[in-house]
Amino acid sequence: MFRNFKSVEKAAYGRGSFDKLGEILEPHRNDGAKYLIFFVDEYFKENEPFIGRLPLKEGDALEYISVAEEPTTELINSLRDKYLEEKGLPSGVVGIGGGSVLDVAKAISLMFTNEGSSALYQGLNLIKKPGIFACGVPTISGTGAEVSMTAVLTGPEKKLGLKCDWTVLNQIVLDPDLIASVPDNQWFYTGMDNYIHCVESSSGQYKNTFSEAFGEKSLAMCRKVFLELDRSDPESDELMMVASYMGGLSLTYSEVGVCHALSYGLSKILHIHHGIANCIAFNVLEDVYGDYVKEFKTIVAKHNIEIPANQSADWSDETIDEMVEISIKLEHMWRHAFGDNWSEVLDRERIKIWFKRM
Ligand code: NAD
Ligand code: ZN
């Protein structure tokens, strides 16, 4: 086993650290055409006090990102082309939002320096040059995007990340105050993404002590958040924010597995968002993840969350086949879950059965 990854260069943590963003960004304003682009989740558009706290300077750009759809290669290409044409190469980018907006910031930072469509770079180590400075400020916790080496994009053919050392953010600002406003359902779905990262990273052949150390701690924090504390307890958001960071590291040094492979099919074909797609898939995976799925169901019941079930009755055979095709291509996930000879224990029929259970 050999793992050698780049980490986030600087991580600010603490309540109120968002107000230090101006100071943090100041040294990064001198490259290119000397302006920064702030990509902000559209959810904050009407929130004037929040927008008023952004350290915008003359010449900076503020771009609201709708996350109704997960980020696409087309979105990244068009934003990149627009800014290069109108204002020239920025000094850096700042993403403020959930996994979707963080991925936009990560992907566009790379695409400012790599030519052609971002769809050309979906995969491992396909990026040719380092991107420009990129800072991420999560406003919802669980995806681990703030720390991972992936910027997940949906392209014309696949949902797959631009994955390389240069994808990792240069700076992150973790302020637990920012996640307090996340609606309960979304808080649950994205939080469970973290839970599933920890379960999957420790359930497969790539698991190792380094990954497990992050995963075990993250899982313990996640359990405290979802099984012990009330959400209004201030400790809850602090734990969740750090759990997401550690869960992201756990999966970076190992791999995700069956649930993510199925969930990518749901997202690509049916446009179901990552967190909820994972919950739909994990809910039917007791034969793979046993007691973890039982625990997941306890958490679901405790929080009165409705996980969509009996969906497959409305899916045509073609739709299911399309999802199976997306899933089966994610060989690295199957290899992790079932070993190098995964194709001997897994075929399209078995994947189809899981989809039919949903
Ligand atoms: P998201 O970014 O899609 O946002 C979900 C919802 O929460 C949106 O409606 C958004 O407006 C809202 N929201 C965000 N912050 C809020 C706040 N503070 N208050 C109120 N509402 C808020 O959600 P996510 O689950 O964080 O991210 C999912 C995306 O992350 C998917 O595109 C997925 O592919 C990607 N992902 C990336 C990685 C990675 O390593 N890069 C890992 C897992 C998932
Ligand atoms: Zn995930």
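Not measured: the values here are computed from a predicted model.

About the thresholds
Residues numbered from 1 in each chain as written. Chains lettered and ligands numbered in written order. Predicted model: local features only at pLDDT ≥ 70, side-chain atom pairs only at ≥ 80, totals over all residues. Heavy atoms only, no water. Buried < 20%, exposed > 50% of the residue type's maximum accessible area, 1.4 Å probe, protein only. Helix = DSSP H or I, 4+ residues; strand = E, 2+ residues; numbered from the N terminus. Pairing = 2+ DSSP bridges. Domains from an automatic or database assignment. Buried area = accessible area lost by both parts, 1.4 Å probe. Polar contact = N/O pair within 3.5 Å; in protein donor to acceptor, adjacent residues only side chain to side chain. Nonpolar A, V, L, I, M, F, W, Y, C, P; charged D, E, K, R; others polar. Donors = N, O, S within 2.8 Å, 3.2 Å for Na, K, Ca; no water. Arc of directions from axis to C-beta. Contact = heavy atoms within 4.5 Å. Near = heavy atom within 4 Å. Areas by Shrake-Rupley, 256 points an atom, 1.4 Å probe, with all protein chains shown as cover. Axes fitted to C-alpha atoms, helices over the stretch in contact; angles between N-to-C directions.

### Concerning the pairing of strand S4 (residues 92-97)
Here is step 1 of the chain: Across the 6 residues that make up S4, a large majority, 6, are buried.
Here is step 2 of the chain: Alternating residues of S4 divide into Gly92, Val94 and Ile96 and Val93, Gly95 and Gly97, and every residue in both groups is buried.
Here is step 3 of the chain: Judged from the 5 bridges that link them, strand S2 (residues 36-41) and S4 form a sheet pairing that is parallel. Its bridge partner lying in S4, Phe39 is registered against Gly95.
Here is step 4 of the chain: The pairing of S4 with strand S6 (residues 133-138) spans 6 bridges and is classified as parallel. Counted as the bridge partner of Gly92 is Phe133 from S6.

### Some remarks on the domain arrangement of the protein chain
Here is step 1 of the chain: One can read the domain layout of the protein chain as domain 1 (10-179) and domain 2 (184-357).
Here is step 2 of the chain: When the two sides are added together, the surface that domain 1 and domain 2 hide from each other amounts to roughly 2,300 Å², 61% of it contributed by carbon and sulfur.
Here is step 3 of the chain: For domain 1, the biggest contributors to the area lost against domain 2 are Val147, Lys159 and Ile179; these three give 23% of the whole.
Here is step 4 of the chain: The interface formed by domain 1 and domain 2 includes 13 residue pairs in polar contact (both at pLDDT 80 or more).
Here is step 5 of the chain: Of all the secondary structure elements, the ones that give two or more residues to the side of domain 1 that touches domain 2 are strand S7 (150-154), strand S8 (159-163) and strand S9 (171-174).
Here is step 6 of the chain: When residues in the side of domain 1 that touches domain 2 are grouped by element, the largest group, 3 residues, is from S8.
Here is step 7 of the chain: Here the side of domain 1 that touches domain 2 is composed, by residue class, of 14 nonpolar, 7 polar and 9 charged.

### A look at the coordination of the zinc ion (ligand 2)
Here is step 1 of the chain: All of the protein donors around the zinc ion (ligand 2) are Asp193 (OD), His197 (NE2), His260 (NE2) and His274 (NE2); their distances to the metal are 2.1 to 2.2 Å.
Here is step 2 of the chain: Site description for the zinc ion (ligand 2): donor spacing in sequence, D-x3-H-x62-H-x13-H. On the criterion of sequence distance, the pair formed by Asp193 in helix H5 (residues 184-201) and His260 in helix H8 (residues 258-270) is long-range, its members being 67 residues apart.
Here is step 3 of the chain: By relative accessible area, Asp193 is classed as buried at 1%.
Here is step 4 of the chain: Exposure remark for His260: the relative accessible area of 3% places this residue in the buried category.

### Some points on helix H14 (residues 348-357)
Here is step 1 of the chain: By the burial criterion, the buried members of H14 are Ile351, Trp354 and Phe355. Taken down its axis, H14 places every buried residue within 100° of arc, on the same side.
Here is step 2 of the chain: The elements touched by buried residues of H14 are H8, helix H10 (286-302), helix H11 (317-328) and helix H12 (331-338).

### With respect to the side chain of Glu63
Here is step 1 of the chain: Its place among the elements puts Glu63 in strand S3 (residues 61-65).
Here is step 2 of the chain: Here the side chain of Glu63 touches Lys82 through a polar contact of 2.7 Å, side chain to side chain.
Here is step 3 of the chain: Here the side chain of Glu63 touches Tyr83 through a polar contact of 2.6 Å, side chain to side chain.
Here is step 4 of the chain: The contact partners of Glu63, leaving out residues within four places of it in the chain, are Ile37, Phe38, Phe39, Val40, Leu79, Lys82 and Tyr83.

### As for the site of ligand 1
Here is step 1 of the chain: In the neighbourhood of ligand 1, 28 residues make up the surrounding shell, with Gly99, Ser100, Thr139, Ser148 and Thr190 lying closest.
Here is step 2 of the chain: Between an oxygen atom of ligand 1 and a side-chain N or O atom of Ser100, the distance comes to 2.7 Å.
Here is step 3 of the chain: The separation between a nitrogen atom of ligand 1 and a polar main-chain atom of Val182 is 3.5 Å.
Here is step 4 of the chain: The fraction of the free accessible surface of ligand 1 (870 Å²) that becomes covered by protein chains is 92%.
Here is step 5 of the chain: Elements represented by at least two residues in the shell around ligand 1 include exactly helix H4 (99-111), S7 and H5.
Here is step 6 of the chain: For the shell around ligand 1, the element with the highest residue contribution is H4, accounting for 4 residues.
Here is step 7 of the chain: Of the residues contributing to the shell around ligand 1, the split by class is 10 nonpolar, 12 polar and 6 charged.
Here is step 8 of the chain: No fewer than three residues from each of domain 1 (10-179) and domain 2 (184-357) sit in the shell around ligand 1.

### Some words on the sheet that holds S2
Here is step 1 of the chain: Taken together, 6 strands build an open sheet; the order of strands is S1-S9-S6-S4-S2-S3 and the sheet is parallel. Only two strands of the sheet have a single partner each, and these edge strands are strand S1 (10-13) and S3. Strand-to-strand, the axes of this sheet are offset by a mean angle of 15°, without reference to chain direction.
Here is step 2 of the chain: Across the sheet, helix H3 (residues 73-86) is in contact with S2 and S3; its angle to S3 comes to roughly 165°.
Here is step 3 of the chain: Lying on the sheet, helix H7 (residues 234-252) is in contact with S1, S6 and S9; it crosses S9 at an angle near 155°.

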